[in-house]
Amino acid sequence: MAAENQDVLLEVEEEEEEEDGEVVLEEMAQTIVPSYGTTPDQQKLHTSEWAEFDQKPDSLFFNDGQRRIDFVLVYEDESKNENRKKSVNKKQMRKRQAYESNLISNGLQLEATRSVLNEKLIFVKVHAPWEVLCTYAEVMHIKLPLKPNDLKTRDSAFNWFSRLLRVDENIIKPEQEFFTAPFEKARVSDFYIQDKDIFFNPATRSRIVHFILSRVEYAVKDNVKKFGINRLLDSGIYKAAFPLHDSRFNRRLEDPNCPSERYLLYKEWAHPRSFYKLQPLDLVRKYYGEKIGIYFAWLGFYTHMLIMAAVVGLACFLYGYITKDNCTWSQEVCDPNIGGNIIMCPQCDHECTYWNLTITCESSKKLCIFDSFGTLVFAVFMGIWVTLFLEFWKRRQAELEYEWDTVEFLEQEEYIRPEYEARCTHVVTNEITQQEEHVPYTACGKCVRMTFGISAVLFWLPRHINGTEAIQKYLTPQAATSVTASIISFIIIMILNIIYEKVAIMITDFELPRTQTDYENSLTMKMFLFQFVNYYSSCFYIAFFKGKFVGYPGDPVYWLGKYRNEECDPGGCLLELTTQLTIIMGGKAIWNNVQEVLLPWVKNLIGRCRSAARSEKTIPRWEQDYHLQPVGKLGLFYEYLEMVIQFGFVTLFVASFPLAPLLALVNNLLEIRVDAWKITTQFRRMVPQKAQDIGAWQPIMQGIAMLAVVTNAMIIAFTSDMIPRLVYYWSFSVPPYGDHSNYTMKGYINNTLSVFNIADFKNGSKPVSLPWLGNQTTCRYRDFRYPPGHQHQYEHNIYYWHVIAAKLSFIIVMEHVIYCVKFIVSYVIPDVSQKTKSKIKREKYLTQTLLHENHLKVMKKNMGKIADRIWKGEDGTFRPKFD
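This structure is a prediction, so every number in the text was calculated from the model and none was measured.

Conventions and cut-offs
- Within any chain, residue numbers begin from 1 and follow the written order of that chain's sequence.
- Whole-chain, interface and lining totals are the exception, using all residues; otherwise, since this is a predicted model, local features are given only for residues with pLDDT of at least 70 and side-chain atom pairs are given and counted only at 80 or more.
- To get the side-chain values, take all heavy atoms of the structure and skip hydrogens and water.
- Secondary structure elements are taken from DSSP: a helix is a run of H or I of four residues or more, a strand is a run of E of two residues or more, and numbering for both begins at the N terminus.
- Type-normalised accessible area, obtained with a 1.4 Å probe on protein chains alone, sets the label of each residue: buried when under 20%, exposed when over 50%, and partly exposed for intermediate values.
- In this analysis, two residues are considered to be in contact whenever any of their non-hydrogen atoms come within 4.5 Å of each other.
- In this analysis, strands are considered paired if DSSP registers two or more bridges between them.
- To obtain an axis, a line is fitted to C-alpha atoms, over the contacting stretch when the element is a helix, and the angle between two such axes runs from 0 to 180 degrees between their N-to-C directions.
- Convention used here: angles under 35 degrees read as roughly parallel, angles over 145 as roughly antiparallel, angles from 65 to 115 as roughly perpendicular, and any remaining angle as oblique.
- Each crossing gets its hand from how the near helix is turned against the far one by less than a right angle, where anticlockwise is left-handed and clockwise is right-handed.
- When residues are grouped by polarity, Ala, Val, Leu, Ile, Met, Phe, Trp, Tyr, Cys and Pro land in nonpolar, Asp, Glu, Lys and Arg in charged, and all others, Gly among them, in polar.
- Disulfides are defined as cysteine sulfur pairs within 2.5 Å.
- The criterion for an aromatic pair is that two Phe, Tyr or Trp rings (for Trp, the six-membered ring) have centres within 6.5 Å, with stacked assigned to planes under 30 degrees apart, edge-to-face to planes over 60 apart and tilted to the rest.
- Any Lys NZ or Arg CZ that is within 6 Å of a ring centre and within 35 degrees of that ring's normal is treated as a charge sitting over the ring.
- Residues adjacent in sequence count toward polar contacts only when both atoms are side-chain atoms; beyond that, a polar contact is any pair of N or O atoms within 3.5 Å, and within protein one must be able to donate a hydrogen and the other to accept it.
- For this analysis, a salt bridge means a side-chain nitrogen from Lys or Arg found within 4 Å of a carboxyl oxygen belonging to Asp or Glu.
- Nonpolar cores were defined as sets of buried Ala, Val, Leu, Ile, Met, Phe, Trp, Tyr and Cys residues, with membership established by side-chain atoms within 4.5 Å.
- Summary of the metric used: pLDDT quantifies the predictor's per-residue confidence within the range 0 to 100.

A. Region of the structure containing the overall build of the protein. Counting its secondary structure elements, the protein contains 28 helices and 19 strands. Considering the protein as a whole, with its 883 residues, one finds that 50% of them fall into the buried category. At a minimum sequence separation of 6, the contacts of the protein that also span at least 24 residues come to 77%.

Below you can see the structure in the form of structure tokens.
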């Protein structure tokens, strides 16, 4: 159905262009202008070389066996397409031919081969010769080797341990380290070139070719240039464009000159039995590019840091579990002579009735596990842990920036998005260069777009918040269990995710960011804001709003004057928050992993079943890769989003669930291998891209870290019962407020449950009387208020104000202590290690020496020779003439 809709759209588009007639072909010919280099003869369209499949299924070269395939374009032969009008096919063919001719004019070499399984498909293999690679490497400011790294490295004291977890160096050999510099074609002799065929590795070659593919024009209409492989893919002129995998994932190539890096990555990285091994990040970066490499480096680093948090969290959980039998207040709840004699007031109008406190016995025992002194210790620890994680990641990221040559990437290499470049119709003057530049909108237009984007985001956020409150009130009544409520909330979250994704992409596309990094950062902020509200709003509601503004039985609080606010169990909302976190965090992890594994696997399985002739014919490498799943335009965006949302669960609400880091650790050990297996076996090879860091995710995590200190302090103060228990123990268990001679927790339950006279119920909220109540005239409720008959009956008592003062004091002290420690840790740990600084200085020195001073010496030497020749009169050009 999608294909039919696309065909209809294409027909409409082409019918609108029918008035151009044969002029289109002339426009095609006129646009054969290379982005860089010399201008070839434009009177004739260049065509691809045609070649039959040579029956070598794992070949990565043209039929001559010499030219390497750097990229593959796939299109459907227009002459064999009977589903579309002939005029549509003809116009598509003209655009494609003009585009391929432009590619050849830019120096690329093309070889076309018909599909083995489907005669309608044509595979165009693209090769970039040495001259093209050198030209565009300079244009793109790609850093290439100058000289082998001669700095000595000191082995860490923990190398003996990490060596046990590393991949065997005999299987994956360590990459040789080089000092590098931006490539300059005029100084090619200064670079470390041992073999021209391997000087540009396959990932770099593919990146250069993709750069050209993204900028070559294929038409001009109304003075608007149409160019780029992305637009041709969107319009259906090409069906796919991708670089080749270098081998099958489950079999090494017989050719000893081919490293079969895909096979090595699957065997030593993506296979489940390698879950305990350190990742071969250098090979991942070499094969997939820096953008993929830095994601797995960050994910691996995050997972390693979770080990410490998981151990401490597990210890705090075990402490609570071991000491739960000594929990005095829980014993009072379960005691038939104490809790059994306490009748609790109804928690809603009419339908709810009186209940006995002992029915919360089991939940109070469970609550003792999580609401213990260990929770406070763990909350403080996590406030410091998150700072250590972010600071040490900065150091690790600085090392990768240097090792992977991305230190100056943003300033030098990143180029404008084709979608942005295509709409540049306004002329402005650059303040720095004082030259005219083309932009897609004026300053006023940019403000309008940004205002619209921000307004749209703010519009959707309140809509979701209001909807969440409604869900809590109507879909999860008091009679339903907290588990059912959490499952319903999780299902709604998954549905809203789909809506939010489309809204965020639509707003970002309208803003039209200039570069790919700008686009991803803008989309990241919007998607995270949406997901933040989507995933965390129910947790914030339970932790900080539910049961906090309920009034008392005789005067309950109603929202909008109609709906009574929800109340917490006498044990508090902490256990419900723990249940909510467990369901959402665990359900999200299971759903995402199942989705990531099953969806691509099932799609590929269906594709293999449709191609029944596959087992009978020899299939070339490019056709095997074509039948794999395409990589989405957003790449790793969703992988980052998934992990950062998890990071929020681990840090923001960890005071209520100390096992969160342990669950995250187990999930991440699986996540690394699932992601690796997915991109290695089920997807086409991604176009290698540069990336300096993890982008906008870094400041987002820093914001979460700052917010986590506040949320955990408030959970301990307002959601748990730790502060009221401490106030009772130190102040209200002994005189003048208490009756005990020693500090004790005995009598806590009776002291913290206020008394209400049943006769004071209003008619609108009066419950149905039960026979077993007998002559009972009062019921109890969770609050600190004076009893009936007191001169200030039902007003907050002195205990309430002591507790409020203690809660606020605790929040202030905890926040200041943790923020102070965070500041000290951030100051003590430098963002760049001394070792990395030395390497950067050494590289700059070599760059200056090899690329500049050497040429100055050569220039001085040549000038000296010229001066000597002039002095001696050997050069007739400068010899004076006499009449």
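Picking up where we left off.
B. Examining the sheet that holds strand β2 (residues 71-76) more closely. Spatial ordering of the open sheet is given by β1-β3-β4-β2-β9, a layout of five strands whose pairing is mixed. The two strands at the open ends of the sheet, each matched to only one other strand, are β1 (49-50) and β9 (240-242). Summarising the sheet, β2 and β9 pair through three bridges and their orientation is antiparallel. The residue of β9 that forms the bridge with Val72 is Phe242. Contacts between helix α3 (residues 86-105) and the sheet are confined to β2, β3 (109-114) and β4 (121-127), with β2 contributing the most and set at about 165° to the helix. This element, helix α7 (residues 202-213), spans β2 and β4 of the sheet and lies at about 45° to β2.

C. Up close: the packing of helix α14 (residues 373-403) against helix α27 (residues 798-828). Across the interface, α14 lies against α27 with an axial gap of 10 Å and an inter-helix angle of 30°. Classed by the angle they form, the pair α14 and α27 counts as roughly parallel. Of the two elements, α14 crosses α27, and the hand of that crossing is right-handed. From α14, Leu376, Ala379, Val380, Gly383, Ile384, Val386, Thr387, Leu388 and Glu391 reach across to α27, where they touch Phe810, Met814, Ile818, Val821, Lys822, Val825 and Ser826. Of the residues belonging to the contact of α14 with α27, the class tally is 11 nonpolar, three polar and two charged.

D. Spotlight on the environment of Ile716. Turning to its location among the elements, Ile716 is positioned in helix α24 (residues 697-719). Spatially, the C-alpha atoms of Ile716 and Leu574 are 9.1 Å apart, while their sequence positions differ by 142 residues. For Ile716, the contacting residues outside a window of four places in its chain are Thr375, Leu376, Ala379, Ala655, Met722, Ile723, Phe810 and Met814.

E. Structural view of the state of the cysteines. Summed over all chains, the structure comprises four disulfides. The partner cysteine of Cys327 in its disulfide is Cys368, sulfur to sulfur 2.4 Å. Looking along the S-S bond of the Cys327-Cys368 disulfide, the torsion reads about -70°, which is the left-handed sense. You can see Cys327 sitting in the loop between α11 (290-323) and α12 (328-334) and its partner Cys368 sitting in helix α13 (residues 361-370), a full 41 residues away along the chain. Like Cys368, Cys327 is buried. Put simply, Cys345 and Cys779 are joined by a disulfide, and their sulfur atoms are 1.8 Å apart. Between Cys345 and Cys779 the sulfur-sulfur dihedral comes to about 90°; the bridge is accordingly right-handed. Here Cys779 lies in strand β19 (residues 778-782) and Cys345 lies in the loop between β10 (343-344) and β11 (355-356), a separation of 434 residues in the sequence. Relative accessible area serves as the criterion here: at 3%, Cys345 is assigned to the buried category. For Cys779, a relative accessible area of 0% corresponds to the buried category.

F. Expanded view of the packing of aromatic side chains. Counted by the stated rule, this structure contains 54 aromatic pairs. Taking 5.7 Å as the distance between ring centres and 45° as the angle between the ring planes, the aromatic pair formed by Phe540 and Phe544 counts as tilted. One end of the pair is Phe540 and the other is Phe544, both in helix α19 (residues 516-544) and four residues apart, which spans about a single turn. Just as Phe540 is buried, Phe544 falls in that class too. Over the ring of Tyr321 we find Lys324, and its NZ or CZ is 5.2 Å from the ring centre. The lysine or arginine in question, Lys588, covers the ring of Tyr535, its NZ or CZ lying 5.7 Å from the ring centre.

G. A look at the side chain of Ser364. With respect to the element layout, Ser364 can be found in helix α13. Separated by 2.5 Å, the side chain of Ser364 and the backbone oxygen of Cys361 make a polar contact. With sequence-adjacent residues up to four places away left out, Ser364 is seen in contact with Trp329, Ser330, Val333 and Cys334.

H. Broad picture of the pattern of salt bridges. One pass over the structure, following the stated rule, counts 32 salt bridges. Put simply, Arg251 and Asp58 hold a salt bridge, and the shortest N to O gap is 3.1 Å. Taken as a pair, Arg251 in the loop between β9 and α9 (261-270) and Asp58 in the loop between β1 and β2 lie far apart in primary sequence, 193 residues in all. For Glu399, the salt bridge goes to Arg396, with nearest N and O atoms at 3.3 Å. Within this pair, Glu399 and its partner Arg396 are both found in helix α14, separated by three residues, close to a single helical turn. Each of Asp58, Arg248, Arg251, Arg621 and Asp625 takes part in a single network of salt bridges with overlapping partners.

I. Representation of α9. Counting buried residues in α9 gives nine out of 10 residues, a clear majority hidden from the surface. Residues of α9 that are buried include every one of Glu261, Arg262, Tyr263, Leu264, Leu265, Tyr266, Glu268, Trp269 and Ala270, and no others. On its buried face, α9 sits against α10 (281-288), α11, α21 (621-626) and α23 (660-682).

J. Summary view of the nonpolar core. Ranked by internal contacts, the top residues of the largest apolar core, which has 134 residues, are Trp269, Trp298, Tyr302, Trp385, Phe389 and Phe649. Broken down by element, this core gets its largest block of residues, 15 residues, from α11. Apart from residues lying up to four places away in sequence, Trp385 is in contact with Tyr302, Met305, Leu306, Met308, Ala309, Phe647 and Thr651.

K. Just the environment of Lys90, in detail. Along the chain, Lys90 falls in helix α3. When its relative accessible area of 42% is taken as the criterion, Lys90 is described as partly exposed.

L. Region of interest: the environment of Phe179. As for its placement among the helices and strands, Phe179 is situated in strand β6 (residues 178-182). Classification of Phe179 by relative accessible area gives buried; the value is 0%. A sequence separation of 667 residues divides Phe179 from Leu846, and the C-alpha atoms of the two residues are 7.8 Å apart.

M. Geometry of the confidence of the model for the protein. Taken over all residues, the pLDDT of the protein has a mean of 81, while the share at 70 or more is 79%. Scored below 50 in pLDDT, residues 1-43 makes 64 contacts in the model with residues more than four places away or belonging to other chains. A low-confidence stretch, residues 463-481 stays under pLDDT 50, and its non-local contacts, those more than four residues away or across chains, total 25 contacts.

N. Representation of the side chain of Thr578. Assignment of secondary structure puts Thr578 in helix α20 (residues 574-610). Not counting chain neighbours up to four residues away, the residues in contact with Thr578 comprise Phe370, Ser656 and Phe657.

O. Seen up close, the packing of α24 against α27. Orientation of α24 relative to α27, taken along the N-to-C sense of each, is 150°, at an axis distance of 9 Å. The orientation of α24 with respect to α27, classified from their angle, is roughly antiparallel. Between α24 and α27 the crossing geometry is right-handed. In this structure, α24 uses Ala705, Met706, Val709, Val710, Ala713, Met714, Ile716, Ala717 and Phe718 to contact α27, whose residues at the interface are Lys807, Leu808, Phe810, Ile811, Met814, Glu815, Ile818, Tyr819 and Lys822. Across the contact of α24 with α27, the residue classes break down as 15 nonpolar, no polar and three charged.

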